[in-house]
Amino acid sequence: MDHPELRPRPPSPLQEIRDERFGRHGVRLLLKRDDLVHPELPGNKWRKLAPNLRAAVEAGHGALVTFGGAYSNHLRATAAAGRLLGVGTVGIVRGDELAGRPLNDSLARCVADGMRLHFVARSEYRRKAEPDVLARLVGEAGAEGAYVVPEGGSNVLALHGCAELGRELRGAADVVAVACGTGGTLAGLAAGLGPGQRALGVPVLAGGFLGAEIRSLQAAAFGGPAGEWSLAEGYDHGGYARVPERLEAFAADFGYRHVLPVERIYVAKLLWALTDLTASGAFPRGTTLAAVVTGRP
């Protein structure tokens, strides 16, 4: 983006972490500090939103409308981007039962940044990919004519933005790992990596649906499969936004050891998974891992 408030600082830095939980297995751990790429739109949020924001502004849209749950990082990032750009934002939020309740900190931040919230029934929200349902939801939210950004920001433009992340990591690591919500970051990341590298996704939601979604996203963006990638299932810790006591303790300890602010919903699950996979011998000795830090607490 040319807007001065939205200029990022890529490439984000690579930070080597000395941790005996990896070192004793002959595995080198790097952190791709994408949380530092922009002060208010860190990590994959910048990489996904920037091309969509550019398209919206160039097409003359005066507002953005997007989707998310009550704790959505994507909603917060979109609201912040709208404030910085001077563009109106509307958030269609999963769960009409939330409409009469006090806003949590995440949704309150969205409102403070100027986002207007519209709560919808979960059954309707699940059908938002259907064109007629999408049109109805956007209309009921009073957002006709707004530029529509999908949940999580994952679309063709976003994947090309995330491919740049992969290109920044070419030659730096054997395996590049990232936490996954909607799969767009992994789909783009894998496409940008070089020969001999592979991307590893750690889903933060249960359900086993991401593989098909990633293949579909890559087909739309790149015409077919792009790059080597796989998923490490089973590290969702009970579901999205669930941070049980063991995960909280792990994240606090990791942050203390390495003077790193560990975001709990995505990054903590990623680091837990890599620690566990390393201990189980999933990575041969001599492997260099790069973990993408996609956001801040």
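Refer to the preceding data block for the structure.
Residues numbered from 1 in each chain as written. Predicted model: local features only at pLDDT ≥ 70, side-chain atom pairs only at ≥ 80, totals over all residues. Heavy atoms only, no water.

### A few points about the side chain of Thr294
Spelled out, the test is: Helix numbering and strand numbering both begin at the N terminus, where a helix is a DSSP run of H or I of at least 4 residues and a strand a DSSP run of E of at least 2. Only heavy atoms matter for contacts: two residues are in contact if any of them lie within 4.5 Å across the pair.
Note that Thr294 resides in the segment after strand 10 (288-292). For Thr294, the residues in contact, after removing those within four places along its chain, are Pro42, Gly43, Asn44, Val178, Tyr266 and Val267.

### Here's the deal with the packing of aromatic side chains
Applied cut-off: In this analysis, rings of Phe, Tyr and Trp, with Trp reduced to its six-membered ring, are considered paired at centre separations within 6.5 Å, and the interplanar angle assigns stacked below 30 degrees, edge-to-face beyond 60, and tilted for intermediate values. Relative accessibility thresholds used throughout: buried, under 20% of the residue-type maximum; exposed, over 50%; partly exposed, between the two (1.4 Å probe, protein chains only).
A complete count under the given rule lists four aromatic pairs for this structure. Between Phe67 and Tyr125, the ring centres sit 6.3 Å apart and the planes meet at 70 degrees, which makes this aromatic pair edge-to-face. Linking Phe67 in strand 3 (residues 63-68) with Tyr125 in helix 5 (residues 122-125), this pair joins segments that are 58 residues apart in sequence. Given a relative accessible area of 3%, Phe67 falls into the buried group. An angle of 45 degrees between the planes, with centres 6.0 Å apart, marks the rings of Phe250 and Phe254 as tilted. Here Phe250 pairs with Phe254, and both are found in helix 10 (residues 245-258), just four residues apart, close to one helical turn. The same class applies to Phe250 and to Phe254, which are both buried. Taken together, the ring pairs connect Phe250, Phe254 and Trp272 into an aromatic cluster.

### Brief notes about the pattern of salt bridges
Quick note on the threshold: The term salt bridge refers to a pairing of a side-chain nitrogen on Lys or Arg with a carboxyl oxygen on Asp or Glu at a separation within 4 Å.
For the coordinates displayed, the defined rule picks out 22 salt bridges. For the salt bridge of Asp113 with Arg83, the shortest nitrogen-to-oxygen distance reads 2.6 Å. With a gap of 30 residues between them, Asp113 in the loop between helix 4 (105-112) and strand 5 (115-120) and Arg83 in helix 3 (residues 73-85) connect regions that are remote in the sequence. Residue Arg83 is classed as partly exposed on the basis of its relative accessible area of 36%. Beyond isolated ion pairs, a larger network of salt bridges with shared partners links Asp19, Glu20, Arg21, Asp253 and Arg257.

### Quick look at empty space enclosed by the protein
Worth spelling out the cut-off: Residues are called lining when one of their atoms sits within 4 Å of a cavity or pocket point, these points coming from a 1 Å grid over the protein atoms alone, where a cavity is a set in which a 1.4 Å probe fits but cannot get out and a pocket is an open set with protein on both sides within 12 Å along at least five of seven lines. Grid points are joined across faces, edges and corners, and a volume is the space filled by probe spheres set on the points. Gly falls in the polar group here, along with every residue not listed as nonpolar (Ala, Val, Leu, Ile, Met, Phe, Trp, Tyr, Cys, Pro) or charged (Asp, Glu, Lys, Arg).
Under the criterion given, the structure shown has one cavity of 30 Å³ or more. Computed from the structure, the largest cavity encloses a volume of approximately 30 Å³. Surrounding the largest cavity, Leu53, Ala56, Val57, His61, Leu64, Leu85 and Val87 form its lining. Per-element tally for the lining of the largest cavity: the top contributor is helix 2 (residues 44-58), with three residues. Of the residues in the lining of the largest cavity, the class split is six nonpolar, one polar and no charged.

### Section: the sheet that holds strand 3
Cut-off, in case you're wondering: Here, any two strands with at least 2 DSSP bridges between them count as paired. Working convention: axes come from line fits to C-alpha atoms, limited for helices to the stretch in contact. Angles between N-to-C directions cover 0 to 180 degrees.
On the basis of which strands lie adjacent, the open sheet formed by four strands has the order 5-4-3-6 and parallel pairing. Only two strands of the sheet have a single partner each, and these edge strands are strand 5 and strand 6 (147-148). Relative to strand 6, strand 3 runs parallel, the two being bridged by two bridges. The residue of strand 6 that forms the bridge with Val65 is Val148. The sheet contacts of helix 4 involve strand 4 (88-94) and strand 5, and relative to strand 5 the element is tilted by about 135 degrees.

### Points about the packing of helix 8 (residues 184-192) against helix 9 (residues 210-222)
As a reminder of what qualifies: Any angle that is under 35 degrees is reported as roughly parallel, and any over 145 degrees as roughly antiparallel; angles of 65 to 115 degrees are reported as roughly perpendicular and all others as oblique. Crossing chirality is assigned from the near helix's rotation relative to the far helix, an anticlockwise turn below a right angle marking it left-handed and a clockwise turn marking it right-handed.
The interhelical angle for the contact between helix 8 and helix 9, taken along N-to-C directions, is 55 degrees, at an axis separation of 9 Å. When the interaxial angle is binned, helix 8 and helix 9 end up oblique. In terms of crossing hand, the pair formed by helix 8 and helix 9 is right-handed. Each of Gly184, Leu186, Ala187, Gly188, Ala190 and Ala191 in helix 8 lies in contact with helix 9, whose residues at this interface are Ile214, Leu217, Gln218 and Phe222.

### Comments concerning helix 11 (residues 267-279)
What counts here: The span expected for a helix works out to 1.5 Å for each residue beyond the first.
Its 13 residues give helix 11 an end-to-end C-alpha distance of 18 Å, which sits within 8% of 18 Å, the value for a rise of 1.5 Å per residue. Within helix 11, 11 of the 13 residues are buried, leaving the element largely enclosed by the surrounding structure. Burial in helix 11 covers these residues: Val267, Ala268, Lys269, Leu270, Leu271, Trp272, Ala273, Leu274, Thr275, Leu277 and Thr278. Residues of helix 11 that are buried in the fold lie against helix 1 (20-23), strand 2 (28-32), strand 7 (175-180), strand 8 (198-203), helix 10 and strand 10.

### Some thoughts on the pairing of strand 4
Of all seven residues in strand 4, five are buried, a share of seventy percent or more. As paired strands, strand 3 and strand 4 are joined by six bridges and run parallel to one another. Counted as the bridge partner of Leu64 is Thr89 from strand 4. Both strand 4 and strand 5 contribute to a ladder of six bridges, which runs parallel. Paired with Ile92 across the two strands is His118, which belongs to strand 5.

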